[in-house]
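Spelled out, the chains give:
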Amino acid sequence: MGQCGITSSKTVLVFLNLIFWAAAGILCYVGAYVFITYDDYDHFFEDVYTLIPAIIIIAVGTLLFIIGLIGCCATVRESRCGLATFVIILLLVFVTEVIVVVLGYVYRAKVENEVNRSIQKVYNEYNGTNTDAPSRAIDYVQRQLHCCGIHNFSDWRNTRWFKETRNNSVPVSCCKASITSCLGSLSRPGDLYQEGCEALVVKKMKDIMMHVIWAALTFAAIQMLGMLCACVVLCRRGRDPAYELLVTGGTYA
């Protein structure tokens, strides 16, 4: 019965190690996705705190590759030292992922204030040229999120660009994709996106932080199972004489 339980725990451990390798790839992907998305929206953030959970989760993903290798070798070779190392590293990674979840929630709450503080400044820096980074950022956001202005398209009236051009129009990035003849004229408001960008940028960044949080929570739960199985194998290896004989190849006297 004991031998059957150990074999079962070992099988689960090997399966979990394979999951760790898959998890490592997924976590690195999530972290990279945050970096890429942040690059598109970085002008709306004066601080880079939103990247901290992403940096940690990429580091965790890299570490999971190593954990999977250690776990497989320790399980196959029945190494008590290897299994103990496996459990300790898993525990450290588990604690790290808990920190990621906490930081994710903390920084998610700060996103709205950060965007509110920065977005007006970015819109005032708009000059309508592709060579200007803030202008490219605003045009990208308006096209991708289907929005116009901070709260709505009328916000453009208060920008320096609108006052300097004096053509009573907003950037063409405010034009609905389905309207091919749109030039951004305020005399045809039906051609423009009606929703402002501020709320959508906040929602986008909060959604990204939730991806990080859920990824960390999911794999933290898997790691808990891995630690439990490794502890079962460790305990029974040390206490079950039949299992010790099975491992060493000995026989009863």
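With an unreviewed UniProt entry as reference, the protein chain is termed Tetraspanin, source organism Anguilla anguilla. For the protein chain, the Function (unreviewed entry) comment in UniProt is given as "Regulates the proliferation and migration of oligodendrocytes, a process essential for normal myelination and repair."

(A) Main features of the packing of aromatic side chains. Within this structure, the stated rule accounts for four aromatic pairs. One aromatic cluster in this structure is built from Tyr123, Tyr126, Trp156 and Trp161.

(B) Up close: the confidence of the model for the protein chain. In this model, the protein chain carries a mean pLDDT of 77, and residues with pLDDT of at least 70 account for 78%. With pLDDT under 50 throughout, residues 1–6 is counted as low confidence; its partners more than four residues away or in other chains account for nine contacts. Scored below 50 in pLDDT, residues 241–253 shows 15 contacts in the model against residues more than four places distant or in partner chains.

(C) Just the state of the cysteines, in detail. Inspection of every chain in the model, using the stated rule, returns three disulfides. One disulfide in the model links Cys147 with Cys197; its S-S distance is 2.0 Å. Residues Cys147 and Cys197 are joined through a disulfide that is right-handed, its torsion about the S-S bond being 95°. Of the two residues, Cys147 is situated in the loop between helix H4 (133–145) and helix H5 (160–165) and Cys197 in helix H6 (residues 197–239); the sequence distance between them amounts to 50 residues. The class of Cys147 is buried, set by a relative accessible area of 0%.

(D) Geometry of a nonpolar patch on the surface. A cluster of nonpolar residues, Leu18, Trp21, Leu63, Phe65, Ile66 and Leu69, forms a patch on the protein surface that exposes about 530 Å² of accessible area. Here the nonpolar patch takes four residues from helix H2 (residues 51–77), the largest share from any one element. One can find Ile66 in helix H2.

(E) Spotlight on the environment of Pro189. Here Pro189 is to be found in the loop between H5 and H6. On the accessibility criterion, Pro189 (33% relative accessible area) is partly exposed. The sequence separation of Pro189 and Cys175 amounts to 14 residues, and the corresponding C-alpha distance is 9.3 Å. Discounting chain neighbours no more than four positions away, the residues touching Pro189 are Phe153 and Gln194.

(F) Fine view of the side chain of Thr159. Looking at the secondary structure, you find Thr159 in the loop between H4 and H5. Side-chain polar atoms of Thr159 contact the backbone oxygen of Trp156, separated by 2.7 Å.

Basis of the calculations
Residues numbered from 1 in each chain as written. Predicted model: local features only at pLDDT ≥ 70, side-chain atom pairs only at ≥ 80, totals over all residues. Heavy atoms only, no water. UniProt positions renumbered as here; feature names shortened; annotations may be inferred. Phe/Tyr/Trp six-rings, centres within 6.5 Å; stacked < 30°, edge-to-face > 60°. pLDDT = per-residue confidence, 0-100. Contact = heavy atoms within 4.5 Å. Disulfide = S-S within 2.5 Å. Helix = DSSP H or I, 4+ residues; strand = E, 2+ residues; numbered from the N terminus. Buried < 20%, exposed > 50% of the residue type's maximum accessible area, 1.4 Å probe, protein only. Patch = residues over 30% accessible without salt bridge, like charges linked within 9 Å, V, L, I, M, F, W, Y side chains within 5 Å. Areas by Shrake-Rupley, 256 points an atom, 1.4 Å probe, with all protein chains shown as cover. Salt bridge = Lys/Arg side-chain N within 4 Å of Asp/Glu carboxyl O. Polar contact = N/O pair within 3.5 Å; in protein donor to acceptor, adjacent residues only side chain to side chain.

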